[in-house]
Amino acid sequence: MTQIPTDLTDEQIPKELALALAGMYSGEARLPARTGGRTAGLAALRAYNPKDYAARNHLLAPISRLSMYLRHGMLSPREVADHIRARARGTDREEGLRQLAWREFFWLVLKQKGQAVLENLEEPKYRAVWSPELPNDVREAHTGLPCADAWITHLKEDGYMHNHERMWFAAYLIHWRRVHWKAGYDFFREHLLDGDLASNALSWQWVASTFSGKPYIMNQANIEKYSAGRWCESCTADCPFMGSYEQLQEKLFGWRA
Ligand SMILES: Cc1cc2nc3c(=O)[nH]c(=O)nc-3n(C[C@H](O)[C@H](O)[C@H](O)COP(=O)(O)OP(=O)(O)OC[C@H]3O[C@@H](n4cnc5c(N)ncnc54)[C@H](O)[C@@H]3O)c2cc1C
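Predicted model only: the values in this text are computed from it and were never measured. By convention here, each chain's residues receive numbers from 1 onward along its written sequence. For this predicted model, a pLDDT threshold of at least 70 governs which residues receive local features, and a threshold of 80 or more governs which side-chain atom pairs are given and counted, while totals over whole chains, interfaces and linings are taken from all residues. Side-chain measures here rest on the full set of heavy atoms in the structure, leaving out hydrogens and waters.

**Student:** An account of the site of the ligand is needed here, citing residue identities and associated values.
**Tutor:** Near residues are defined by distance, with any heavy atom within 4 Å of the molecule or strand qualifying the residue. Inspection of the region around the ligand gives 26 residues, with Tyr53, Ser64, Arg65, Tyr160 and Asn163 positioned closest. Within 3.5 Å is the distance limit for a polar contact, defined as a pair of N or O atoms, with the added protein rule that one can donate a hydrogen and the other accept it, and that residues adjacent in sequence qualify only through two side-chain atoms. The separation between a nitrogen atom of the ligand and a polar side-chain atom of Gln99 is 3.3 Å. At 3.3 Å from an oxygen atom of the ligand is found a side-chain nitrogen or oxygen belonging to Arg166. What sets the accessible areas is the Shrake-Rupley method with a 1.4 Å probe; for residues, cover comes only from the shown protein chains. In isolation the ligand exposes 820 Å². Once the protein is present, 96% of that is buried. Per the convention used, a helix needs a DSSP run of H or I reaching at least four residues, while a strand needs a run of E reaching at least two, with both numbered from the N terminus. Elements represented by at least two residues in the shell around the ligand include exactly α3 (67–71), α5 (90–113), α8 (163–176) and α10 (197–208).

Set out below in structure tokens:
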């Protein structure tokens, strides 16, 4: 294994890492959008104020952005839970602990099922015909939908996507574009700084309905409401998310209310 010097400047790090890790990664070598490590993780935890976390589905509400530190063991779930207990009250506290519990639940499922989490855990709850490949326009953030292109750009540029954007994107890819959730899982794994086998695979399966009772979908009104209209207000695209949930379920899955 190539020895990596420890006295590198920020400009030198990507090149040296690229040399040392040749063959083990794809894409261009660059510094991550956020600083890693235990010191940065502790600073981010101390700075995190979980007040109003219960509104977390809204893109403007406060979230911790601690996932990459949790993923790489720079913070423990117990430290984050203690912080939430000390700093939040009522539904903010409950919701904070509930989301951490999802992470732990996914890990328990992974422990029980192992690599089987990378296969459909159940049959999809609709007649699904999914393509195995990620379409190029999706990979390149050129879908023509300002919202979807923004979600993909966040992923590729920041190594991060808000949870609600992840859910919207996963639903778009699986149910509107008919792409297998595994292609989305791989795309996330390629770019997410918090990319985690358990949470990633099982969340995709939850949206797909292979680890849940029904496929998750959203509509245009939901995207507009939880993004404060940031894409919808000036959008001129032919929006595929327009309609009520009943109409979209019929269109996508052939279900009649
Ligand atoms: C399709 C899809 C793929 C995902 N892939 C990953 C992944 O690879 N790695 C990952 O850590 N999370 C994943 N998640 C869950 C969630 O989106 C992220 O944990 C969250 O967005 C991280 O942001 P945050 O740290 O600000 O979370 P906060 O909302 O501040 O929550 C605090 C911590 O709780 C945990 N958490 C919060 N929400 C969830 C959730 N819904 N499921 C599991 N754990 C949660 C995370 O560890 C997070 O850091 C995925 C969700 C979806 C829908």
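From this point, things continue past the structure.
**Student:** Give a description of the packing of α5 against α10 that names residues and reports values.
**Tutor:** Between the N-to-C directions of two axes lies an angle of 0 to 180 degrees, each axis being a line fitted to C-alpha atoms and, for a helix, fitted only over the stretch in contact. Put simply, α5 and α10 touch, their axes get as near as 8 Å, and they point 90 degrees apart. Relative to α10, α5 is oriented roughly perpendicular. Residues Arg103, Phe106, Trp107, Val109 and Leu110 of α5 lie in contact with α10, whose contacting residues are Leu197, Ala198, Ser199, Leu202 and Ser203. When the residues that make up the contact of α5 with α10 are grouped by side-chain class, the tally is seven nonpolar, two polar and one charged. For classification purposes, an angle smaller than 35 degrees is called roughly parallel, one larger than 145 roughly antiparallel, one from 65 to 115 roughly perpendicular, and anything else oblique. Contacts: residue pairs with any heavy atoms within 4.5 Å of one another. When residues are sorted by character, Ala, Val, Leu, Ile, Met, Phe, Trp, Tyr, Cys and Pro go into the nonpolar class, Asp, Glu, Lys and Arg into the charged class, and all the rest, Gly among them, into the polar class.

**Student:** Any details on the state of the cysteines? Residues and values, ideally.
**Tutor:** Simply put, disulfide is the name for a covalent bond between the sulfur atoms of two cysteines. What counts as a disulfide here is a pair of cysteine sulfur atoms lying within 2.5 Å. A full pass over the atoms with the stated rule returns zero disulfides. Sulfur of Cys232: no disulfide; nearest cysteine sulfur belongs to Cys147 and is 6.3 Å away. Of the residues examined, Cys232 reaches a relative accessible area of 19% and is grouped as buried. For every residue, the accessible area obtained with a 1.4 Å probe (protein chains only) is divided by the maximum for its type, and the residue is called buried under 20%, exposed over 50%, and partly exposed between those limits.

**Student:** If you had to explain the environment of Phe211 to someone new, which residues and values would you point to?
**Tutor:** As for its placement among the helices and strands, Phe211 is situated in the loop between α10 and α11 (220–226). Remark: the alpha-carbon pair of Phe211 and Asn120, spanning 91 residues in sequence, is separated by 7.7 Å. Ignoring sequence-local partners within four residues, the contact set of Phe211 consists of Phe105, Phe106, Val109, Leu121, Leu202, Gln205 and Trp206.

**Student:** Outline the nonpolar core, supporting the account with residue identities and numerical values.
**Tutor:** By size, the foremost hydrophobic cluster in this structure holds 52 residues, and its most contacted members are Trp151, Phe169, Trp176, Trp204 and Met218. What Phe169 contacts, discounting residues up to four positions off in sequence, is Val138, Trp151, Ile152, Met161, Phe187, Phe188 and Trp204. Side-chain atoms within 4.5 Å are what join buried Ala, Val, Leu, Ile, Met, Phe, Trp, Tyr and Cys residues into a set we call a nonpolar core. If you look at the next biggest cluster of nonpolar residues, it comprises 15 residues, including Ala44, Tyr48, Tyr53 and Tyr69.

**Student:** Before we move on, could you go through the packing of helix α9 (residues 181–191) against α10 and cite the residues and values that matter?
**Tutor:** Running from amino to carboxyl end, α9 crosses α10 at an angle of 145 degrees, the nearest separation of the two axes being 9 Å. Handedness of the α9/α10 crossing: right-handed. Together, Trp181, Gly184, Tyr185, Phe188 and Arg189 of α9 and Leu197, Asn200, Ala201, Trp204, Gln205 and Ala208 of α10 make up the contact between the two elements. The residue inventory of the contact of α9 with α10, partitioned by class, reads seven nonpolar, three polar and one charged. Crossing handedness is defined as follows: a turn of the near helix away from the far one that is anticlockwise and smaller than a right angle gives a left-handed crossing, while the clockwise case is right-handed.

**Student:** Outline the environment of Ala81, listing residues and values.
**Tutor:** Structurally, Ala81 is set in helix α4 (residues 77–87). With a relative accessible area of 10%, Ala81 lands in the buried category. Sequence-wise, Ala81 and Arg98 are 17 residues apart; in three dimensions their C-alpha atoms are separated by 9.8 Å. If near-sequence neighbours (up to four positions away) are discounted, Ala81 is found in contact with Leu97 and Leu100.

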